[in-house]
Amino acid sequence: MTNAEELVQKRQQSPDSTTEDYFSDLPRQQNTTNTMTLCGNGICVVLCWFLGVSSGLRPVALSLDGKWSLSNSDCSVSLPAEVPGCVHSALQQQGFIQDPYFRFNDVSYRWIAYDNWTYTTTFAGSTQLRASQKVLLVFDGVDTVASIWLNGLAVGKTDNMFRRYDFTVSGLLKDGDNVLKVSLLSPVLYASERRKAHSAYRVPPECPPDVQKGECHVNFIRKEQSSFSWDWGPSFPTMGLWKGVRLEAFDVLQLIQVSSVPLHNISLSQWRVQVDLLVDAVQTTNGKIILSIPELDSEQILQTQFLPGKTKNSFTLNINTSSQVKLWWPNGHGDQPCYRLTVRGFQGGFLVLNTESKVYFRSVELVQEPVVGSPGLSFYFRINGKPIFLKGSNWIPAHSFQDRVTPAVLRNLLQSAVDARMNALRVWGGGVYEQDLFYSICDEMGIMVWQDFMFACAMYPTEGDFIQTVREEVIQQVQRLKSHPSIIAWSGNNENEAALATDWFNIPVSQRPAYLKDYVTLYVDNIRAVGQEEDQSRPFLVSSPSNGAESEQEGWVASNPYDPHYGDTHFYSYTLDCWDWRTFPRTRFASEYGFQSWPSFSTLLPVSIKEDWSYNSNFSSHRQHHEDGNLRMLLQAALHFNLPNATDPVKRFTDTLYITQVMQAQCVKTQTEFYRRSQSEIIEGKGRTMGALYWQLNDVWQAPSWSSIEFGGKWKMLHYFAQNFFAAVLPVGFEDGDTLFIYAVSDLSHDLKLRAAVSVYSWSDLDPVCTLKSDLHPISGGSATAIFKQPVAALLAGCGSCTRLTCLLTFHLEDSSGQQGPRNHHFLCSPKDAQGVQRPNITARVQQDEAGYSVTLHSASVAAFVWLDVGNVTGRFGSNGFLMTSRNRTVRFNAWCNTSVEELSRSLTVTSLRDLY
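Counting starts from 1 at the beginning of each chain's written sequence and moves along it residue by residue. Given that this is a predicted model, residues contribute local features only at a pLDDT of at least 70 and side-chain atom pairs are listed and counted only at 80 or more, while totals for whole chains, interfaces and linings are drawn from all residues. Water and hydrogen atoms were dropped before computing side-chain values, which therefore reflect all heavy atoms in the structure.

Q: How would you sum up the overall build of the protein? Please name residues and give values.
A: Helical segments are the DSSP runs of H or I of at least four residues, strand segments are the runs of E of at least two, and each set is numbered from the N terminus. Check the secondary structure of the protein and you find 21 helices and 50 strands. Along the first, second and third principal axes, the C-alpha atoms of the protein reach 105 × 70 × 70 Å. Per-residue accessibility, obtained with a 1.4 Å probe over protein chains only, is compared with the maximum for each type, and a residue is labelled buried under 20%, exposed over 50%, and partly exposed between these values. When the 917 residues of the protein are sorted by exposure, 61% land in the buried category. As displayed, the protein has an accessible area near 33500 Å², and 49% of this comes from carbon and sulfur atoms. Charge separation in the protein, taken as the distance between the mean sites of 76 positive and 90 negative side-chain charges, equals 2 Å. Residue burial considers only the protein chains on display, and all accessible areas are found by Shrake-Rupley using a 1.4 Å probe. Note that His is not counted, nor are the chain ends; the positive residues are Lys and Arg, and the negative ones are Asp and Glu. Charge positions are represented by NZ for Lys, CZ for Arg, CG for Asp and CD for Glu.

Given below as structure tokens:
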């Protein structure tokens, strides 16, 4: 009698014993295969085993994470290495190289990516492991092109960073030591060879612009596209085992992935949950599946059969209509409740499968329908039947080396997004599909995710092997991610429709049909088709920007993908005046827009030396990866501000960093407010804007970029501004034809009655010259309404001796109970032209109380863009970069590390606009 048969007989003889009693005789493994596979995706497998033969009931798992050895092609470099990890991280940890981000090391260390590297580990193969019917060697992520060798025998190859790979190694394991080698090819040379092999026609772009100091042909390799450089990031073509490695052994069946998608039947007012079990079976297995959500008094019992090989098995749990389902809502619109879904499997009356996962209920629709008074179609998201204005930004990789992206880094960045009142992020298509924790945090925080597939700013080959690996990539990523309610849309690529339509790559007219065919083949016939087969619960967009349904009608590539009457747009202009709202497209949805700025001096300090601290230094030039980016920042700033002119070179440098942040914050504020006030209007056939996602949230290194959060987590002035311009209730002021308008914008579900309160200040006096108030106006929830209109000349004429040059405006919204939303400002002239501006001589006092730290400021005059900085003391202020029109103001400081009043006082600097000249 086998061990399994003995246990079955024991269970039959003791039918009242618990599951725990039944399995108490089994040898325990520290980590079960399925727990390792599923925990961290909002899913934890409690137990997973099927009746087997000699090895018992439980699958066996052996983690191979930890210490490996690493060597280059000629073994001139040999060192220990951590897995998960990458070659660059190992070299730095062992002292072979400095910080790759230091000064010019991105170029100095190019040799690393031009070499081949081999990871090696030795492990013991247990008797139980070797006796199993099937043994898999599993790699959750290999970066990127590798040959796998076990005990001197080739077991498989990899060519896609975004795929999970497993290789059957049954019969290859030895008693005692087993040697596993992963030989990685240079991604740069591999991409070049693939390009050479593609001789029929070119697949542009060949190389990035010279200013990016990057590598060529990244579109020929399925890895993080920005790792070969981008206009905001360095070139570090990484190699390594960037996710976990393990052995999995089983006799009958192995659970690979559990996915659950709630679906709502509007006509029946009923929810159901589609549950997919991805399994790998050795043999045909019959059983019974029980799906249940106890909190909703819902359970379903289903007979099933698992067929040999890898199969996806779909089941449906109908939710009891008498149960009240609590819905998941985006941040600012409600809570994010979840339920516990259990999936149990029985065979012959015995519990053989028991998994548990989180389920969130929400519906999502992308509404593209005719708009009254406008040609084209609407473009907005409806969550749980409610139109939602998407407020947020774009997410790029948080580090060049993914093993450095810790849970703390993710949580800090995502919490910063929520603290700035964002409800959406677009995971941009040139980086990576983020780790499970990223999406789980977004679920918890109510951050909607627009998820790109990883294709960006390029054409791509369509050879059979390339298409096949992409199809498997899409299947795996959709299966992994579709359980997350935060993901509200899939998008096939970043800017590739626009690149083809507007001829970024100078493709001859005669060749254009071939590229159009390739585009449809890759994104429509494969990525979209596979994605929709795996998940029909979300909208699928082929590209961004795109005209959406109109692009589809035009054969998937519209003649003008930037048409503001359709879809989403990306818009950048660095030469036009960013204070002039007329330069911005009145689009249906703004999914990218922005301006560059430099990070703070404290962020640059660890990666620079004194000779670098000049705006015109080699370091400043090297760090800028956007053509003429440094000059464009100054030219834009000079339109409205006096540029720094300090004689001390370091002060002039730090002042210049500051003025780039002032410029960026004011520019993005102006553009975002334009989009928010356009949500209820159609003007000249354009408007009904329902999304504002600026470029970009975070940084990948210490350099100038479009980000609002610096590398390391420090908030730029833009991010502090975002706290206000993304407020649920917001006053927006602007001029049109010398007339001042103030709009009340509300994201709330209920209606309000609001008035505008306008205060006029002289630049030379902290007491307001006069204050005006409008009548109360009804403001519908989810709308933008004009509530104040007055010619500027008339406003000033009734306000003492004010002129455009001597005065400025502040304004806010209020109801019968007081102020609603933040205070805003409007400059009547460029600050550089303002008259009567005084030095504020701001003093600051740091205090500590039970709630933490605060800084109390005293100013002698009106001070614009008041900026508090505490150097390398990590944390953030309650507000920053503000207009100070009061003598005293207290600002809270939320420290992210241990600090003291003494350290904060010593580190604190206060800068205002007038301090620059």
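Next comes the rest of the write-up.
Q: Provide a residue-level description of the sheet that holds strand β24 (residues 380-383), including the pertinent values.
A: Note on pairing: two strands pair once DSSP finds at least 2 bridges between them. Reading across the sheet, the 3 strands line up as β21-β24-β25 and stay open at both edges, with antiparallel pairing between neighbours. On the outer flanks of this sheet lie β21 (364-367) and β25 (386-388), each paired with one strand and no other. Strand-to-strand twist of the sheet, defined as the mean angle between neighbouring strand axes without regard to direction, takes the value 35°. As paired strands, β21 and β24 are joined by 4 bridges and run antiparallel to one another. Opposite L366, over in β24, you have F381 as the bridge partner. A fitted line through C-alpha atoms serves as each axis, taken over the contacting stretch for helices, and the angle formed by two N-to-C directions is quoted from 0 to 180°.

Q: Run through the state of the cysteines, naming residues and quoting values.
A: In this description, the term disulfide denotes a pair of cysteine sulfurs within 2.5 Å. Applying the stated criterion to the full structure yields 4 disulfides. Linked covalently through their sulfurs, C578 and C667 form a disulfide whose S-S length is 1.9 Å. Judged by the torsion about the S-S bond (-65°), the C578/C667 disulfide is left-handed. Residue C578 is found in the loop between β31 (569-571) and β32 (590-593), and its partner C667 is found in helix α18 (residues 649-677); the two are separated by 89 residues along the sequence. According to the relative accessible area criterion, C578 is buried, its value standing at 2%. Owing to a relative accessible area of 1%, C667 belongs among the buried residues under this scheme. There is a disulfide in this structure between C802 and C807, and the S-S distance comes to 1.8 Å. Across the disulfide from C802 to C807, rotation about the S-S bond amounts to roughly -75°, and the bridge is consequently left-handed. Each member of the pair C802 and C807 is classed as buried.

Q: Any details on helix α11 (residues 464-481)? Residues and values, ideally.
A: By definition here, a helix of n residues has an expected span of 1.5 Å times n minus one. Here α11 spans 26 Å end to end across 18 residues, near enough to the 26 Å set by a 1.5 Å rise per residue. When α11 is considered as a whole, its buried residues turn out to be F466, I467, T469, V470, E473, V474, Q476, Q477, V478, Q479, R480 and L481.

Q: Break down the sheet that holds strand β9 (residues 165-168) for me, citing the residues and quoting the values.
A: Strand order across the open sheet formed by 4 strands is β2-β13-β6-β9, with antiparallel pairing between neighbours. The open sheet terminates on both sides in strands that have one partner only, identified here as β2 (60-63) and β9. The sheet shows a mean angle of 20° between the axes of neighbouring strands, direction not considered. Direction of pairing for strand β6 (residues 134-139) relative to β9: antiparallel, over a ladder of 4 bridges. Bridge pairing in β9 links F139 to Y165.

Q: Mind laying out the pattern of salt bridges, listing which residues take part and the relevant values?
A: Where charged atoms from two side chains of opposite charge approach closely, those side chains can pair. Salt bridges, as used here, are contacts in which a Lys or Arg side-chain nitrogen is within 4 Å of a carboxyl oxygen on Asp or Glu. On inspection of all chains with the given rule, the structure shows 43 salt bridges. Across the pair K223 and D143 runs a salt bridge, and its minimum N-O distance is 2.6 Å. Of this pair, K223 sits in the loop between α8 (187-197) and β11 (228-230) while D143 sits in the loop between β6 and β7 (146-150), and the two are 80 residues apart along the sequence. E814 is paired through a salt bridge with R755; the nearest N and O atoms lie 3.8 Å apart. In this pair, E814 is assigned in strand β42 (residues 807-815) and R755 in strand β38 (residues 752-762), connecting sequence segments 59 residues apart. Among the residues examined, E814 registers a relative accessible area of 9% and is labelled buried. According to the relative accessible area criterion, R755 is partly exposed, its value standing at 21%. Taken together, the shared-partner salt bridges connect D140, R164, D166, R246, E248 and K310 into one network.

Q: I'd like a description of the environment of S708, backed by residues and values.
A: Locating S708 in the fold gives a position in the loop between β35 (691-694) and α19 (717-725). Those residues in contact with S708, other than ones at most four positions away along the chain, are Y694, Q696, L697, K714, W715, K716, L718 and H719. Contacts between residues were defined by any pair of non-hydrogen atoms, one from each residue, lying within 4.5 Å.

Q: An account of helix α13 (residues 512-534) is needed here, citing residue identities and associated values.
A: Helix length check: α13 (23 residues) gives 31 Å between terminal C-alpha atoms against 33 Å at 1.5 Å per residue, within 8%. The axis of α13 is deflected most strongly, by about 30°, at R528. Bend is computed residue by residue as the angle between axes fitted to the seven residues ending at the residue and the seven residues starting at it.

Q: I'd like a description of the layout of surface pockets, backed by residues and values.
A: Any residue with an atom within 4 Å of a point lines the site, the site being either a cavity, points on a 1 Å grid over the protein atoms alone where a 1.4 Å probe fits but cannot get out, or a pocket, an open set with protein on both sides within 12 Å along at least 5 of 7 lines. Grid points are joined across faces, edges and corners, and a volume is the space filled by probe spheres set on the points. In this structure, the second largest pocket occupies an estimated 870 Å³ of space. Lining of the second largest pocket is provided by 36 residues; of these, Q212, W230, D231, C457 and W504 occupy positions nearest its centre. For this classification, the nonpolar set comprises Ala, Val, Leu, Ile, Met, Phe, Trp, Tyr, Cys and Pro, the charged set comprises Asp, Glu, Lys and Arg, and every other residue, Gly included, is treated as polar. In terms of residue class, the lining of the second largest pocket is built from 21 nonpolar, 9 polar and 6 charged.

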